[in-house]
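Structure at a glance
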Amino acid sequence: MGEIIYKIMQSADPRKEYRRHMLKTFNFHKAFLCRSSRDIQHFPGKKYYCCSLDKESSEITYVIHVDTKIVVDATHAFLKLLKYDVEDLGNFSIYDIIGAEVEEVNANIHKIVNHGLLEIGLRQYWCKDGQMLYVGSSFKVAQRDSEQYLMITLKDVTELQQMRNRLQLALQVFEHASDGILVTDIKGIIQYVNPAFAKHTGYSMDEIVGKTPGILKSGRHQEEFYQDIWNSLHTDGLWRGEIINKRKNGEHYSEWVVIDAVKNELGNVTMYCGIFRDLSERMKYEEKIRFHAYHDGLTGLPNRILFYEKINQCLASAKRYHHMMAVMYVDLDGFKHVNDNLGHDKGDLLLKAVADRLKECVRESDIVARMGGDEFTLILPEVEKRADVEIVAEKIKKQLNQIFELLGCTVTISSSIGISFYPADGEDVDSLVKKADNAMYQAKASGKDAYRFADQA
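About the thresholds
Residues numbered from 1 in each chain as written. Predicted model: local features only at pLDDT ≥ 70, side-chain atom pairs only at ≥ 80, totals over all residues. Heavy atoms only, no water. Buried < 20%, exposed > 50% of the residue type's maximum accessible area, 1.4 Å probe, protein only. Helix = DSSP H or I, 4+ residues; strand = E, 2+ residues; numbered from the N terminus. Arc of directions from axis to C-beta. Contact = heavy atoms within 4.5 Å. Pairing = 2+ DSSP bridges. Axes fitted to C-alpha atoms, helices over the stretch in contact; angles between N-to-C directions. Polar contact = N/O pair within 3.5 Å; in protein donor to acceptor, adjacent residues only side chain to side chain. Parallel < 35°, antiparallel > 145°, perpendicular 65-115°, else oblique. Left-handed = near helix turned anticlockwise from the far one by under 90°. Core = buried A, V, L, I, M, F, W, Y, C linked by side-chain atoms within 4.5 Å. Phe/Tyr/Trp six-rings, centres within 6.5 Å; stacked < 30°, edge-to-face > 60°. Lys NZ or Arg CZ within 6 Å of the ring centre and 35° of its normal.

1. What to know about helix 12 (residues 335–342)
By the burial criterion, the buried members of helix 12 are Phe335, Val338 and Asn339. Down the axis of helix 12, the sector holding all buried residues measures 95°, keeping them to one side. Along helix 12, the residues that are exposed and aim more than 90 degrees away from the buried face are Lys336, His337, Asp340 and Asn341. Close packing links the buried residues of helix 12 with strand 11 (324–333), helix 13 (344–360) and strand 15 (409–411). Following helix 12 by one or two positions, Gly343 has its phi on the positive side, about 105°.

Next comes the structure, spelled out in structure tokens:
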């Protein structure tokens, strides 16, 4: 007995007040157990508890004294599960093994003993080596004289709970993923989609479950494209690539899709899981980058790079279909005065206003570009006669001669315009641009606010 008392006194249990309580009652148990020694044959292995316990039982059972909370006996199954030895019995309490606050443990024991609580659901238990287990608990109360003992039988559900935890974690990932996720059965019938998928497509869960992914078809892909997807899934169990799909509102959008064939332990496909990443924002960003690469940052007009790309296309078409094409070079008269005297902010506003007015002077099929500074070019891809281009030149002169209101400042400018034609003035881009440029300088040299044809320069 002295050895047991010493072990209790030396325990690392942080709940020292309960240790002191156990010591106060220990002498009583000593006397009581001595009086009960005649019943030892019914309780093999220990002589200081009074509950019948089959230690060889497969049940995971242990016994505590209600007042002291000391674990006084246990089946081999319990000791094995929590990794204790027989010698440890009597040296640890229920507080050492249950992962709960003292107050909660005491309250539950009170309910069991006084109100007939028979079982408690999921509970965390700590093994001797610190490993945590999940168990369910059922109880029986035994009493001899004034002493009460509690027999607790556990059911180890650690593996099941860990699986549930993993499933819960997977569900949280599924529910909170920013990518759309879709699950179908082996026939391709949609079984489940996550909130991101519903958000991207515009379809609610109720609207899309029971349908096939074909509901998203945009019409941009041939049937062979979708057949190739199924062939890859049947052959490799995987397909990935870019698809143009259609939202519920009819909007087409691009997304990167990864589809996996999910197999069971026998290797049979049980479902298909697709992850959809909406590329709309990326495409908008890429489109923005492309736009700035080929357009003037101030006016939004095609820049020099795009101008030459367009004029080459227009010239190729003119040669193919044997029609006339015109190139116009426009320079602003008086722009330097505005920039120098009113400031660059006013100069920028003027350039933007000029760009808008130039677009009003031409057809939708014509092209207006800014070459840099105050120089603009126009491409008229198809014209019937010289007089048609003169009409456009007069429109430009008239538009640019009108007053510009720039943040309270009134500005008046004019323009000098040079014009060249394919095929009369050249059959290549450089010739046409150079002759239009030269004609513009001739117009400026002649007094400005004028236009000149290349054959007049």
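2. What to know about the sheet that holds strand 8 (residues 238–246)
Strand order across the open sheet formed by 5 strands is 7-6-10-9-8, with antiparallel pairing between neighbours. The outermost strands of the open sheet, each flanked by one partner alone, are strand 7 (190–193) and strand 8. Looking at each pair of strands side by side, their axes are set apart by 25° on average, direction ignored. By the bridge criterion, 9 bridges tie strand 9 (residues 252–263) to strand 10 (residues 269–278) in an arrangement that is antiparallel. Residue pairing in the sheet places Val262 in a bridge with Met271 of strand 10. In this fold helix 9 (residues 223–236) packs onto strand 8, strand 9 and strand 10, with an angle of close to 155° to the strand it touches most, strand 8.

3. Some words on the side chain of Ser280
Position of Ser280 relative to the elements: it lies in helix 10 (residues 280–294). Reaching out from Ser280, the side chain makes a polar contact with the side chain of Arg247 at a distance of 3.0 Å. In this structure, Ser280 is in contact with Arg247, Tyr253 and Ser254, ignoring residues within four places of it in sequence.

4. Focus on the packing of helix 11 (residues 304–321) against helix 15 (residues 429–445)
Where helix 11 meets helix 15, the axes come as close as 10 Å, and the angle between the chain directions of the two elements is 115°. Classified by the interaxial angle, the pair formed by helix 11 and helix 15 is roughly perpendicular. Taken as a pair, helix 11 and helix 15 cross one another with a handedness that is right-handed. Residue-level inspection shows Phe307, Tyr308, Ile311, Asn312 and Leu315 of helix 11 in contact with helix 15, the latter providing Val429, Leu432 and Val433.

5. Some points on the environment of Met325
Mapped onto the secondary structure, Met325 falls in strand 11. Between the C-alpha atoms of Met325 and Ile311, which are 14 residues apart in sequence, the distance is 9.7 Å. Apart from the residues within four sequence positions on either side, Met325 is in contact with Ile311, Cys314, Leu315, Ala318, Ile379, Leu380, Pro381, Val383, Ser420, Phe421, Tyr422 and Leu432.

6. Some details on the sheet that holds strand 2 (residues 71–74)
The strand order 2-1-5-4-3 describes an open sheet built from 5 strands, whose pairing is antiparallel. On the outer flanks of this sheet lie strand 2 and strand 3 (119–126), each paired with one strand and no other. Strand-to-strand twist in this sheet, taken as the mean axis angle between neighbours without regard to direction, amounts to 35°. Judged from the 10 bridges that link them, strand 4 (residues 132–144) and strand 5 (residues 147–156) form a sheet pairing that is antiparallel. Bridge assignment links Gln143 to a residue of strand 5, and that residue is Gln148. Packing against the sheet, helix 6 (residues 158–176) makes contact with strand 3, strand 4 and strand 5, and its axis sits at approximately 140° to strand 4.

7. A short note on the pairing of strand 9
Direction of pairing for strand 8 relative to strand 9: antiparallel, over a ladder of 9 bridges. Across the sheet, the residue bridging to Gly241 is Val257, located in strand 9. Following strand 8, the chain reverses through 5 residues before pairing antiparallel with strand 9; Gly250 in that reversal takes a positive phi of roughly 95°. Counting the residues between successive antiparallel strands, the hairpin from strand 9 to strand 10 contains 5 residues, one of them, Gly267, with a positive phi of roughly 90°.

8. A short note on unusual backbone geometry
The omega torsion of the bond from Tyr422 to Pro423 falls at 5°, within 30 degrees of zero and hence cis. Mapped onto the elements, Pro423 comes out in the loop between strand 16 (414–422) and helix 15. In this structure, His322 takes a positive phi of about 60° despite not being glycine. If you trace the backbone, His322 turns up in the loop between helix 11 and strand 11. In the Ramachandran plot, Lys448 falls in the positive-phi region, its phi being about 70° despite a non-glycine side chain. With respect to the helices and strands, Lys448 occurs in the loop between helix 15 and strand 17 (450–453). Look at Lys448 and you get partly exposed, because its relative accessible area is 42%.

9. Comments concerning the nonpolar core
In this structure, Met328, Leu350, Val354, Phe376, Ile396 and Ile419 are the most contacted members of the largest nonpolar core, which totals 33 residues. Contributions of two or more residues to this core are made by strand 11, helix 12, helix 13, strand 13 (375–383), helix 14 (386–401), strand 14 (404–406), strand 16 and strand 17. Listed in part, the 31 residues of the second largest apolar core include Ile60, Phe78, Val102 and Tyr125.

10. Focus: the packing of aromatic side chains
Here a ring pair, both rings aromatic, is described through the centre-centre distance and the interplanar angle of the planes. Scanning the entire structure with this criterion turns up 11 aromatic pairs. The interplanar angle of 75° and the centroid separation of 6.3 Å between the aromatic rings of Tyr62 and Tyr125 together place this pair among those described as edge-to-face. Taken together, the residues span a long stretch of sequence, with Tyr62 in strand 1 (residues 60–65) and Tyr125 in strand 3 at a distance of 63 residues. Both rings, one in Tyr451 and one in Phe453, keep their centres 6.0 Å apart while their planes meet at 85°; by these two values the pair is edge-to-face. Taken individually, Tyr451 and Phe453 each receive the classification buried, so the pair is uniform in this respect. Through pairs of rings, three or more aromatic residues link up here, namely Tyr62, Phe78 and Tyr125. Taking NZ or CZ as reference, Arg247 lies 3.9 Å from the ring centre of Tyr253, over its face. Over the ring of Phe453 we find Arg386; its NZ or CZ atom is 3.9 Å from the centre of that ring.

That's the geometry; what it means functionally is another story.
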